[in-house]
Amino acid sequence: MKKDHKTSRLENALLQWDDGPYMKFLQPSADILIEQSHVKQGDFLLDVGCGFGDPILDIADIVGLEGKLVGIDHDEESILIAKKRADDRNLQNIVLETGEVPELLFEEGYFNSVISRNVILYFDDPLPFLVEQKRVLKKNGRIAITVWGVSDKNPLMNLPMKVLRSYTNSSGRAVPNNKNRVDTSDPNILANLLARAGFTDVQSGIVELSFPGDSSDAELYWDQRLAGSPMSQKILSELSEIEQEKAENAALNKVKSLIESGNATGQAVWVSGTKK
């Protein structure tokens, strides 16, 4: 696929980001984060790994001008996109900046809530990450986390990626394949981790995800998935222009076949707790 055409596709995907099929597919995992964070008017909330600003931008109306939202992400381009989206909404109560984890550069007891989505899976041992989030929470502050469930329950996310990887020698894995790493796809393991980090009132569960449209929405979904996935872009960058087109078409066809067969589904697990 020609570079200029691909660029215009990704730009179009971003223009339709809020109401597009990718965010609608992921919406239940955002909803449970907001619900379990217990965020309310006047609160200070931190989103660790905020990406393009989902779901932190949607929380702005909840906390109001008396509250404050802070989103951090290690990827500078993602933060720039999140800032533009915040500016487009004229949000005055949000700060978006680059930052690394697990260390959080905030004072102790600063936030009422800390949320993160699909970040904890990057740690072999997530305990220091959780302890640091507990440090920056106020007394009775809330933590809420979502992360992908087991692989075979996430065909829409995993199978198109498997197709992309088949076109390159790279494993294309965003998460290192370490047999000793903690299995964050198990809600019971996540709950145990939060308890070990010192949180109380720990709860966990599963959220089912399903594709919100039909096969006519497949291309926009795929473009939005690419726009929001540096790992997918990295895999494609290793290929020639011809091989890129073949790989993308094959992955898109996989998305369409999953939608048409009723298997365009996914699963996220969640966990929450309170700092006493």
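Worth saying up front: this structure is predicted, and the values here are computed from it rather than measured.

**Digging into the packing of aromatic side chains**
This model, assessed by the stated rule, comprises nine aromatic pairs. Ring centres 5.7 Å apart and planes at 75° place the aromatic pair Tyr-22 and Tyr-221 in the edge-to-face group. Of this pair, Tyr-22 sits in helix α2 (residues 21-37) while Tyr-221 sits in helix α8 (residues 218-227), placing them 199 residues apart in sequence. You can call Tyr-221 buried: its relative accessible area is 0%. Relative to Phe-111, the ring of Phe-106 lies with its centre 5.2 Å away and its plane at 80°, an arrangement referred to as edge-to-face. Looking at Phe-106, the relative accessible area reads 17%, which means it is buried. Looking at Phe-111, the relative accessible area reads 0%, which means it is buried. An aromatic cluster of three or more residues is present, and its members are Trp-17, Tyr-22, Phe-25, Phe-52, Phe-211 and Tyr-221. Of note, Lys-138 hangs over the ring of Phe-44, and the distance from its end group to the ring centre comes to 5.4 Å.

**As for the sheet that holds strand β3 (residues 94-98)**
Where strands meet in a sheet, backbone hydrogen bonds hold them as pairs that are either parallel or antiparallel. One open sheet accounts for seven strands, arranged β3-β2-β1-β4-β5-β7-β6; its pairing is mixed. Where the open sheet ends on each side, the last strands, each with one partner, are β3 and β6 (200-210). In this sheet, neighbouring strand axes are inclined to one another by 15° on average, regardless of whether the strands run parallel or antiparallel. Where β6 meets strand β7 (residues 265-274), nine bridges bridge the pair, whose relative direction is antiparallel.

**Thoughts on α8**
Within α8, nine of the 10 residues are buried, which leaves the element mostly enclosed by the surrounding structure. Along α8, the residues that are buried comprise Ala-218, Leu-220, Tyr-221, Trp-222, Asp-223, Gln-224, Arg-225, Leu-226 and Ala-227.

**Focus: the pairing of strand β5 (residues 137-148)**
Inspection of the sheet shows strand β4 (residues 111-117) paired to β5 by six bridges, in the parallel sense. Looking at the pairing, Ser-116 lines up with Ile-145 of β5. Handedness of the crossover joining β4 and β5 through helix α5 (residues 127-135) is recorded here as right-handed. In this structure, β5 lies alongside β7, joined through seven bridges in antiparallel fashion. Opposite Ala-144, over in β7, you have Ser-272 as the bridge partner.

**Some remarks on helix α4 (residues 76-88)**
With 13 residues, α4 should cover 18 Å at 1.5 Å per step; its first-to-last C-alpha distance of 18 Å lies within 8% of that length. Residues of α4 that are buried: Ser-78, Ile-79, Ile-81, Ala-82, Arg-85 and Ala-86. On an axial view of α4, the arc spanned by its buried residues comes to 160°, and they lie on one face. Exposed positions of α4 whose direction lies more than 90 degrees from the buried face are Glu-76, Glu-77, Lys-84, Asp-87 and Asp-88.

Analysis parameters
Residues numbered from 1 in each chain as written. Predicted model: local features only at pLDDT ≥ 70, side-chain atom pairs only at ≥ 80, totals over all residues. Heavy atoms only, no water. Phe/Tyr/Trp six-rings, centres within 6.5 Å; stacked < 30°, edge-to-face > 60°. Helix = DSSP H or I, 4+ residues; strand = E, 2+ residues; numbered from the N terminus. Buried < 20%, exposed > 50% of the residue type's maximum accessible area, 1.4 Å probe, protein only. Lys NZ or Arg CZ within 6 Å of the ring centre and 35° of its normal. Pairing = 2+ DSSP bridges. Axes fitted to C-alpha atoms, helices over the stretch in contact; angles between N-to-C directions. Right-handed = clockwise from strand over helix to strand, strands pointing away. Expected span 1.5 Å × (residues − 1). Arc of directions from axis to C-beta.

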